[in-house]
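A closer look at the structure
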Amino acid sequence: MAEVLVYVDHVDGAVRKPTLELLTLARRIGEPVAVALGSGAENTAATLAEHGAVKVLTHDASEYAEYLVVPKVDALQAAYEQVSPAAVLVPSSAEGKEIAARLALRIGSGIITDAVDLEAGDEGPVATQSVFAASFTTKSRVSKGTPVITVKPNSAAVEAAPAAGTVEALSVTFSEKATGTKVTGRTPRESTGRPELTEAAIVVSGGRGVGGAENFALIETLADSLGAAVGASRAAVDAGWYPHTNQVGQTGKSVSPQLYIATGISGAIQHRAGMQTSKTIVAINKDAEAPIFDLVDYGIVGDLFEVVPQLTEQIRARKG
Amino acid sequence: MSLRIVVTVKYVPDATGDRHFADDLTVDRDDVDGLLSELDEYAVEQALQIAEDADDAEVTVLTVGPEDAKDALRKALSMGADKAIHVEDDDLHGTDAIGTSLVLAKAIEKAGYDLVISGMASTDGTMGVVPALLAERLGVPQVTLLSEVSVEDGTVKGRRDGDAASEQLEASLPAVVSVTDQSGEARYPSFKGIMAAKKKPVESWDLSDLEIEAEEVGLEGAYTTVEAAAERPARTAGTIVKDEGEGGKQLAEFLASQKFI
Ligand SMILES: Cc1cc2nc3c(=O)[nH]c(=O)nc-3n(C[C@H](O)[C@H](O)[C@H](O)COP(=O)(O)OP(=O)(O)OC[C@H]3O[C@@H](n4cnc5c(N)ncnc54)[C@H](O)[C@@H]3O)c2cc1C
Ligand SMILES: Cc1cc2nc3c(=O)[nH]c(=O)nc-3n(C[C@H](O)[C@H](O)[C@H](O)COP(=O)(O)OP(=O)(O)OC[C@H]3O[C@@H](n4cnc5c(N)ncnc54)[C@H](O)[C@@H]3O)c2cc1C
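Residues numbered from 1 in each chain as written. Chains lettered and ligands numbered in written order. Predicted model: local features only at pLDDT ≥ 70, side-chain atom pairs only at ≥ 80, totals over all residues. Heavy atoms only, no water.

Focus: the packing of aromatic side chains
This is how the line gets drawn: Each pair of aromatic rings taken from Phe, Tyr and Trp, with Trp reduced to its six-membered ring, is defined by centres within 6.5 Å and is described as stacked if the planes are under 30 degrees apart, edge-to-face if over 60, and tilted in the remaining cases. Secondary structure elements follow DSSP: runs of H or I no shorter than four residues count as helices, runs of E no shorter than two count as strands, and numbering proceeds from the N terminus. Using a 1.4 Å probe on the protein chains alone, a residue whose accessible area is under 20% of its type maximum counts as buried, one over 50% counts as exposed, and one in between counts as partly exposed.
For the structure shown, the criterion picks out six aromatic pairs over all chains. Seen in terms of ring centroids, Phe136(A) and Phe21(B) are 5.4 Å apart; in terms of plane orientation they differ by 70°. Their pairing is edge-to-face. Of this pair, Phe136(A) sits in strand E9 (residues 136–142) while Phe21(B) sits in the loop between strand E2 (11–13) and strand E3 (34–36), each in a different chain. One exposure class covers both Phe136(A) and Phe21(B), and it is buried. Taken together through their ring pairs, the aromatic side chains of Phe132(A), Phe136(A) and Phe21(B) make up a single cluster.

Next comes the structure, spelled out in C-alpha cells:
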C-alpha cells in the first residue's frame, strides 16, 4: 500500500490533536508515516502508533528552534526522498502552510491548503475546501507531482488504529538557506488551562457588545461551565479587551467546533469566515437585525448581561 | 545606499459582495467589485514607514492580475508608493499559488529589490503561502507573519506571534517579509496623494517580458485542479427567541436537548 507522509505538530513530544486527525485521513489514502522533528520528537511515537502510524521518522537538532521554518522544510524533504510517498499531509497552522508550500515547490508539486475533508479519488486524493467565508464548498486535487495538502483542525474524528509505529532516525542535512532567519527570542504563551481554541469542541466568543475587558470574565465563566475555549471578535481584540491569539475570523483563528456561541457579535463577513463551519451555532445579541442571526440554530434576542449569567447558572445547575 | 522595497498587492473581489465561481471554476470577477486586498494595505503601510525611516528608499508596488487590477495599484500609489508594476497577460487566467509565485518572483527580480513586503494572506484565496514561496524561489530569508517590523543597517527585525509562542526574528537583507493586520493601521490616501498618484509611473509587463512560457502558468500550467464548486446550502432557519426574562433558561434547554450539557 502507498505510504502517506504526515507532518507531526507536537509540543515537546505531546502530539496535538490536529495531527491525530490527519492520521485518520491519511489512512483513507494509504499507510501513514509520521515525521516528528525537534525536542521530544521520539516521545511522540507511542501516540502516533496508537493512531495508525506504521513508521515514525524522528530528528532533533537545535536548528529547529533557532531558525524559522526552513530547517523543517529540509527535514520534511529528506523524509519525502526516503519514503517516496503518495501524498504529504500537514496541519493547517500558519507555520504548517509555509512548510508545506516550500516543500511543494521543491519537489515540483502543487499545494492545496485548508482542506476540511479528504478522500481517495481515481486520480489521487480529492480535498474539500470551504471558501469565500464558507459560502462555497470546492473539491480540488493536486494535478502535478505528489499532492501536498494542509488540513484544518476538526476536519475528521480522531480514531485509534494501532500500528507498528517503528521509530527510525531521519538523516537530515540542512541547506544553506536553513539558517537565514534567526529566532533571537521566544516568549511562550501562558496557558489558560482552557482547551486550545482551534481544537475545542465548544467555543464561546465575545464581541464589542461585551463592552470592556473586565466583562470578559462573564464570557470566561460561561466557557468554563461548558469546558469551552474563549474566542473574541476583532472589535473586542482591537479594543484591547482580549488577546489577539483568541481572535476568531479571517485574520484570526478559524474554528469549527461542535458548538459555537457568539455573544455581542454582529456577524461581519470576516468574522463569519472563521466560524461558519461550526456544527451548531448559537447567538445572543440585543439587535434582532444582526446578521449573525442568519446563521444560527438557536438565537436569543436580548441583553447578554441578562442572558449569559442566567445561562451559566442553568448549566451549572444541570451539571450539578 | 538606496533601499529598494517591492510590495506585492493583490486585486480581489470585495468580500462583502456576492462572490462566486465562473463556469470554468475560476473566480467570477465580472459580477463583484474588485479592490486592493485589505490585508495588503498593511504591507503598503509598513513599506512606507520603513522607507520614511531610511535615508533613501523607493517603494514599488507590484500586482499580477487582469486589467482592473490597476485599481489596486492606484490605491497603493495614492497611499504614497513611488511607482507600480502591473503584470498582465491573458495566459495568466486561472494561475494557482505555485504559478503566481513564479510570476511574482520573476517580476521582483526584474524590478530589483532589497526587501519584499507582502500581506499575511489574500482575502480571496486566503492561503497565506505566497510570501514563503517567494522566499524559496528568490533564495532569500523569509521573515513572515510579523506584527511588528523594522529595518536598520541591512537587517530586518520583527515579531511573529504564533500559537505556542511569540518570537523575535532577525535576517539580513535581501529578504521577504509578510505583515499581519496587527502591524499597524494603514493610512488613508489624502487628496494630495490621490492627485499625485495619477502622475506616478505604472509599468506593464507581460509573460514574455518575464521570460515565462504560457504553459507554465494559467489553468494549463496549474499544479492544482478545481473539480467542483458548490454554494453551501443556506442554513435552515433556526429558532429565534426574544428574551423576556427566561432567555438564559430557554437557551440552556436547547443546549441540553442537543446534548451539550
Ligand atoms: C481585512 C479585514 C479582516 C478582518 N478580520 C476579522 C476577524 O478575523 N475577526 C473578526 O471578528 N472581525 C474581523 N474583521 C472586522 C469585522 O469586519 C467586524 O468589524 C468585526 O467582526 C465586528 O466585531 P463585533 O461583531 O464584535 O462588533 P460590532 O459589529 O460592533 O457588533 C457588536 C454587536 O454587539 C451587539 N450588542 C451590543 N451590546 C450588547 C448587549 N449588551 N447584549 C447583546 N448584544 C449586544 C450589537 O447589537 C452588535 O450586533 C476584519 C475586517 C477586515 C477589513
Ligand atoms: C477560493 C480560492 C481557493 C484557492 N485555493 C488554492 C489552492 O488550494 N491551491 C492553489 O495553488 N491555488 C489556490 N487558489 C489560487 C490562489 O489564490 C492564487 O493563485 C493566488 O494569487 C495565490 O494564493 P493566495 O491568493 O491565496 O495568496 P496568499 O498566499 O494568501 O497571499 C499572500 C500575499 O501574497 C501576495 N499575492 C498573492 N497573489 C498575488 C497576486 N496575484 N499579485 C500580487 N500579489 C499577490 C499578496 O501580498 C498577498 O497578501 C485559490 C483561489 C481561490 C479564490
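Remarks on the UniProt feature "domain: Electron transfer flavoprotein alpha/beta-subunit N-terminal" (unreviewed entry) in chain A
So the rule is basically this: UniProt positions are given in the numbering used here, feature names are shortened, and annotations may be inferred rather than shown by experiment.
The positions that UniProt labels "domain: Electron transfer flavoprotein alpha/beta-subunit N-terminal" (unreviewed entry) are, in the present scheme, residues 4–183 of chain A. With 28% helix and 32% strand, residues 4–183 of chain A has its two end C-alpha atoms placed 31 Å apart.

Some details on the pattern of salt bridges
Residue and element names in this part refer to chain A. What counts is decided by this rule: One side-chain nitrogen of Lys or Arg within 4 Å of one carboxyl oxygen of Asp or Glu is enough to make a salt bridge.
The full count for this structure, using the stated rule, is 32 salt bridges over all chains. The partner of Arg-16 in a salt bridge is Glu-196, and the shortest N-O contact between them spans 3.5 Å. Of this pair, Arg-16 sits in the loop between strand E3 (14–15) and helix H1 (17–29) while Glu-196 is found in the loop between strand E12 (182–188) and strand E13 (202–206), placing the two residues 180 residues apart along the sequence. A salt bridge links Asp-224 to Arg-194, with the nearest nitrogen and oxygen atoms 2.8 Å apart.

With respect to the site of ligand 2
To keep it simple, the criterion reads: Nearness is judged by heavy atoms alone; a residue qualifies as near a molecule or strand once a single heavy atom is within 4 Å of it. What qualifies as a polar contact is a pair of N or O atoms within 3.5 Å, subject to a donor-acceptor requirement within protein and to the restriction that residues adjacent in sequence count only when both atoms come from side chains. For accessible areas, the Shrake-Rupley method is used with a probe of radius 1.4 Å. Any residue's cover is judged against the shown protein chains and nothing else. Classification used: nonpolar for Ala, Val, Leu, Ile, Met, Phe, Trp, Tyr, Cys and Pro, charged for Asp, Glu, Lys and Arg, polar for all others including Gly.
Around ligand 2 lies a shell of 31 residues, among which Thr8(B), Lys10(B), Asp40(B), Ser122(B) and Gly128(B) are the nearest. More than one chain reaches ligand 2: the nearby residues come from chains A and B. Between Asp96(B) and ligand 2, the recorded distance is 3.1 Å, taken from a backbone N or O atom to an oxygen atom. Protein contact buries 92% of the 920 Å² of open area that ligand 2 shows by itself. Contributions of two or more residues to the shell around ligand 2 are made by strand E7 (111–119) and strand E8 (126–131) of chain A together with strand E4 (57–64), helix H3 (97–111), strand E6 (115–119) and helix H4 (130–138) of chain B. Partitioning the shell around ligand 2 into residue classes produces 14 nonpolar, 13 polar and four charged.

Description of the layout of surface pockets
If a probe the size of a water molecule is rolled over the atoms, the empty space left behind becomes visible. Test applied: Of the grid points, spaced at 1 Å and generated over the protein atoms alone, those admitting a 1.4 Å probe that cannot get out make up cavities, while open sets with protein on both sides within 12 Å along at least five of seven lines make up pockets; any residue with an atom within 4 Å of a point is treated as lining. Grid points are joined across faces, edges and corners, and a volume is the space filled by probe spheres set on the points.
Each pocket or cavity is described by its volume, and for the second largest pocket that value is around 830 Å³. Surrounding the second largest pocket, 38 residues form its lining, Arg208(A), Arg234(A), Ala235(A), Ala268(A) and Gln270(A) being those nearest its centre. Broken down by secondary-structure element, the contributors of at least two residues to the lining of the second largest pocket are helix H7 (234–238), helix H8 (269–272) and helix H9 (304–319) of chain A together with helix H1 (38–53) of chain B. Considering each element in turn, the lining of the second largest pocket owes the most residues, four residues, to H1(B). Of the residues assigned to the lining of the second largest pocket, the class counts are 13 nonpolar, 14 polar and 11 charged.

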